[in-house]
Amino acid sequence: MLFSGRVLAAVILAWSFLKVLFARAFSRKSGLALFHENYDADRLPAVDPDERALMPRFSRCIACGRCDLGEASRIARSNGAYPGLMSVVLASSRSMPDHDAAALALDHVPDEVLAAKERECPTGVPFVELARFVRAKAALSRA
Ligand code: SF4
C-alpha cells in the first residue's frame, strides 16, 4: 500500500481543502446567490438580519397552552387548517417548508386576537411578528 491510514487521511483532507479553496476562488456564485442555488428547491428562503434577531423570540414557547384558551370555535370552523395557536408556534412555524400550512392556520386568527394573546403569553412570544414572518416566507417559498 502506498500510504498508511493516517497519511492517506491527511492526503485526502489536504486534497479536499485545496478543492474547496479552488472552487471558492473560481466559482461564479457565492454568498446569497449560492445560498439560493443550494436551498431554493428545498423551500428554504434566506432570512435578513432583522428576522434573524427575532427568531429566538419565536422559539420561547413553553407549551403552557394559554394561547389556546378561547380558540375552540376558530379551530372547529377551520376544518382542520388551524390546530390552535400553540401547535402553530411549536410545529408548523418552526420549519420553513411547512410555512404554507402555518400561514393557512394563521389566516383563521385575526391580527388583533394575536396581539391580545401576546399580552397573555407568559414568555412573550410575538404572535403578530411570527405571523408576518411565516406569511412572508410562505409567499417566498411559493414564488
Ligand atoms: S401562551 Fe405562549 S408559552 Fe404558552 S403555549 Fe402559547 S405560545 Fe407557548
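As the structure is a prediction and not an experimental result, all values here were calculated from the model. All chains use their own residue numbering, which begins from 1 and follows the written sequence. In keeping with the predicted nature of the model, local features appear solely for residues at pLDDT of at least 70, side-chain atom pairs appear and are counted solely at 80 or more, and the whole-chain, interface and lining totals rest on all residues. The basis for every side-chain value is the complete set of non-hydrogen atoms in the structure, without hydrogens or water.

### Section: the domain arrangement of the chain
Phase 1 of the analysis: Where each domain begins and ends follows an automated or database-derived domain assignment. According to the domain assignment, the chain contains domain 1 (1-42) and domain 2 (47-142).
Phase 2 of the analysis: Computed from C-alpha coordinates alone, the two centres of domain 1 and domain 2 are separated by 39 Å.

### Looking at the packing of aromatic side chains
Phase 1 of the analysis: Side-chain rings of Phe, Tyr and Trp (the six-membered ring for Trp) are treated as a pair once their centres are within 6.5 Å; stacked means planes under 30 degrees apart, edge-to-face means over 60, and tilted covers the remaining angles. According to the stated counting rule, one finds three aromatic pairs in the structure shown.
Phase 2 of the analysis: Each ring, one from Phe35 and one from Tyr39, has its centre 4.8 Å from the other, and the planes form 45 degrees; the classification is tilted. Pair noted here: Phe35 and Tyr39 are both in helix α2 (residues 31-39), with a separation of four residues, about one helical turn.
Phase 3 of the analysis: Burial classification: accessible surface area is computed with a 1.4 Å probe over protein chains only, and a residue below 20% of its type maximum counts as buried, one above 50% as exposed, and the rest as partly exposed. According to the relative accessible area criterion, Tyr39 is partly exposed, its value standing at 35%.
Phase 4 of the analysis: Considering the side-chain rings of Phe58 and Phe133, the 5.3 Å spacing of their centres and the 45 degrees angle between planes classify their relative orientation as tilted. In DSSP terms, a helix is any run of H or I states spanning at least four residues, a strand is any run of E spanning at least two, and both are numbered starting from the N terminus.

### Some words on the pattern of salt bridges
Oppositely charged side chains may form a pair once their charged atoms are brought near each other.
Phase 1 of the analysis: A carboxyl oxygen of Asp or Glu within 4 Å of a side-chain nitrogen of Lys or Arg is what we treat as a salt bridge. Counted under the stated rule, the structure contains seven salt bridges.
Phase 2 of the analysis: Notably, a salt bridge pairs Glu51 with Lys137, separated by 2.9 Å at the nearest N-O pair. Remark: Lys137 occurs in helix α8 (residues 127-142) and Glu51 occurs in helix α3 (residues 49-58); sequence separation between them is 86 residues. This pair shows no difference in class: Glu51 is buried, exactly as Lys137 is.
Phase 3 of the analysis: Where Asp111 meets Arg135, a salt bridge forms, and the shortest distance between an N and an O atom there is 3.6 Å. Of this pair, Asp111 sits in helix α7 (residues 111-120) while Arg135 sits in helix α8, and the two are 24 residues apart along the sequence.
Phase 4 of the analysis: According to the relative accessible area criterion, Asp111 is partly exposed, its value standing at 37%.
Phase 5 of the analysis: With a relative accessible area of 29%, Arg135 lands in the partly exposed category.
Phase 6 of the analysis: Overlapping salt bridges, with partners in common, bring together Glu71, Arg74 and Lys117 in one network.

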